[in-house]
Amino acid sequence: MATRSCVSLSLSFFLAFLCYLELCSCFYPKHLNLSAVGTHWSTAGATWYGSPDGAGSDGGACGYGNAVSQSPFSSFVTAIGPSLYKSGKECGACYQVKCTRHPACSGRAVRVVITDFCPGGPCVSESAHFDLSGTAFGAMAIPGQEEKLRDAGVLEVRYARVACDYSGRNIAFHVDQGSNPNYLAVVVEFEDGDGDLAGVDVKEGSGEWRAMQQSWGATWKLDAGSELHPPLSLRLTSQYSSQTLVANNVIPQGWMPGATYRSLVNYNV
C-alpha cells in the first residue's frame, strides 16, 4: 500500500507539473521576445520601388529620413501593406523574405526593416505584401540575375517575423526639427530584438513619467504645455512582447532640434 501511495503521489505531482507548464506557455506568450521563439513562415506578394540599387524612397512613412540608405539599414528596407504596417506601430519591425518559385530566385532569406507604408494596389488587395527596396529585392536573386528577378512583376515570397540585429548599436533618438522647449518629438531608431513600439514615455529629471503620443510612423511626441527641463529620460515599451527599456537622461541639457542622441541601452543587450 505504501508503494502504491508513493507512486500515486508522484504521478499527481508529475501531472500537476505538466499542467503548470501548459498554463505558463499559454498565459505568457506576449512576454517571449522574438529571439526566443521559432521562425514561422507565411506567404505574401512582393514588388519593388525606387531605383534598382536604392532604398526605395528617401525616408518613407516611418520618418527615418536618409538613414534608410545608411548603415545599419543599408537600404535593406521595405514598405508594407496595411495588414502589417498597423498604422505605423510596426515601424522598425524586422522580417526575413525569400523567393523560390521564379527561376532567378536564390532561395536565400534576406532580412529587411519596415521603414515605409504601401497604400494601394497589391499592398491593399493581398493579405500581406512587401514593397521592397530595389536593393533588398535584388538580394533575393541568384547572383547576376537581379534584373531578371526585378522584371518578374508581383512575386510570391515567403516571409517570417524575426528579431532585429543592429550589431551592437544602441537605440538612438532623432529630435524632430519642429521640437522646442514646450514640445518634444523624437524618431526612435535601431531597436534590437522585437523592433517595434507600443508606447514611449518621457520623464524630466526625477519627475513622473508622461506618456507620449505616436505622431506618425516611428515619431513620438509630447505637447508639454509648459517648458520641459532636461535632462530627459525616455521609456520604451515593445509592441510584440510588452518589454520595457529605459534610456536615462538621453536628451541632455542644451538639446537641439534636428540632433540625434544615442542611448547606452538596447533590447537583447
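Computed from a predicted model, the values in this text were never measured in an experiment.

A. Seen up close, the overall build of the protein chain. Counting its regular elements, the protein chain contains five helices and 15 strands. In the protein chain, which comprises 269 residues, the share counted as buried stands at 43%. Counted over contacts in the protein chain with a minimum sequence separation of 6, partners at least 24 positions apart contribute 71%. Carbon and sulfur atoms make up 54% of the accessible area of the protein chain, which amounts to about 13,300 Å² in all.

B. The arrangement of the nonpolar core in detail. Formed by 43 residues in total, the largest nonpolar core has its most connected members in Phe-130, Leu-132, Met-140 and Leu-149. At the level of secondary structure, the elements contributing two or more residues to this core comprise β1 (42–49), β2 (77–80), α2 (82–85), β3 (94–98), β4 (110–117), β5 (129–133), α4 (134–138) and β6 (155–162). Once you skip the residues sitting within four places of it in the chain, Phe-130 turns out to touch Ala-44, Gly-45, Ala-46, Thr-47, Thr-78, Ala-79, Ile-80, Leu-84, Tyr-95, Val-97 and Tyr-159. In this structure, Phe-173, Ala-224, Tyr-261 and Tyr-267 belong to the second largest nonpolar core, which totals 24 residues.

C. A look at the state of the cysteines. The full count for this structure, using the stated rule, is four disulfides. Between Cys-62 and Cys-91 runs a disulfide, and the two sulfur atoms are separated by 2.0 Å. Across the disulfide from Cys-62 to Cys-91, rotation about the S-S bond amounts to roughly -80°, and the bridge is consequently left-handed. Taken together, the residues span a long stretch of sequence, with Cys-62 in the loop between β1 and β2 and Cys-91 in the loop between α2 and β3 at a distance of 29 residues. Cys-91 shares its class with Cys-62; the two are buried. Note that Cys-99 is cross-linked by a disulfide to Cys-105, the S-S spacing being 2.2 Å. Every disulfide takes its handedness from the sign of the S-S torsion; for Cys-99 and Cys-105 that torsion is -120°, giving left-handed. Under the relative-accessibility criterion, Cys-105 is labelled buried at 11%. In the protein chain, numbering the disulfide-bonded cysteines from first to last in sequence yields the connectivity 1-2, 3-8, 4-5, 6-7.

D. Representation of the sheet that holds strand β10 (residues 210–211) within the structure. In space, the four strands of this open sheet follow the order β10-β9-β13-β14, with antiparallel pairing throughout. With one partner strand each, in any of the chains shown, β10 and β14 (244–251) form the two edges of the open sheet. Judged from the six bridges that link them, strand β9 (residues 199–204) and strand β13 (residues 232–237) form a sheet pairing that is antiparallel. Following the sheet pairing, Lys-203 is matched in β13 by Ser-233.

E. Region of the structure containing the pattern of salt bridges. Tallied over the full model, the rule gives six salt bridges. As a salt-bridge pair, Arg-210 and Glu-204 come within 3.5 Å of each other at their nearest N and O atoms. Judged by relative accessible area, which is 23%, Glu-204 ranks as partly exposed. Within this structure, Glu-90, Arg-161 and Asp-196 form a network of salt bridges that share partners.

F. Quick look at the side chain of Ser-238. Tracing the backbone through its elements, the reader meets Ser-238 in the loop between β13 and β14. At 2.9 Å, the side chain of Ser-238 and the side chain of Asp-194 are in polar contact. Of the polar contacts made by the side chain of Ser-238, one reaches the backbone nitrogen of Ser-241; its length is 3.3 Å. Apart from residues lying up to four places away in sequence, Ser-238 is in contact with Asp-194, Asp-196, Leu-197, Ala-198, Gln-243 and Tyr-267.

G. Expanded view of the sheet that holds β2. The mixed closed barrel is built from six strands, whose spatial order is β1-β5-β2-β4-β3-β6. Across this sheet, the average inter-strand angle for adjacent strands is 50°, counted without regard to direction. Strand direction decides the pairing type here: β2 and β5, joined by three bridges, are antiparallel. Within the sheet, the bridge partner assigned to Thr-78 lies in β5 and is Leu-132.

The rules behind these values
- Residues numbered from 1 in each chain as written.
- Predicted model: local features only at pLDDT ≥ 70, side-chain atom pairs only at ≥ 80, totals over all residues.
- Heavy atoms only, no water.
- Helix = DSSP H or I, 4+ residues; strand = E, 2+ residues; numbered from the N terminus.
- Buried < 20%, exposed > 50% of the residue type's maximum accessible area, 1.4 Å probe, protein only.
- Contact = heavy atoms within 4.5 Å.
- Areas by Shrake-Rupley, 256 points an atom, 1.4 Å probe, with all protein chains shown as cover.
- Core = buried A, V, L, I, M, F, W, Y, C linked by side-chain atoms within 4.5 Å.
- Disulfide = S-S within 2.5 Å.
- Pairing = 2+ DSSP bridges.
- Salt bridge = Lys/Arg side-chain N within 4 Å of Asp/Glu carboxyl O.
- Polar contact = N/O pair within 3.5 Å; in protein donor to acceptor, adjacent residues only side chain to side chain.
- Axes fitted to C-alpha atoms, helices over the stretch in contact; angles between N-to-C directions.

None of the figures reported here should be taken as evidence of function without further support.
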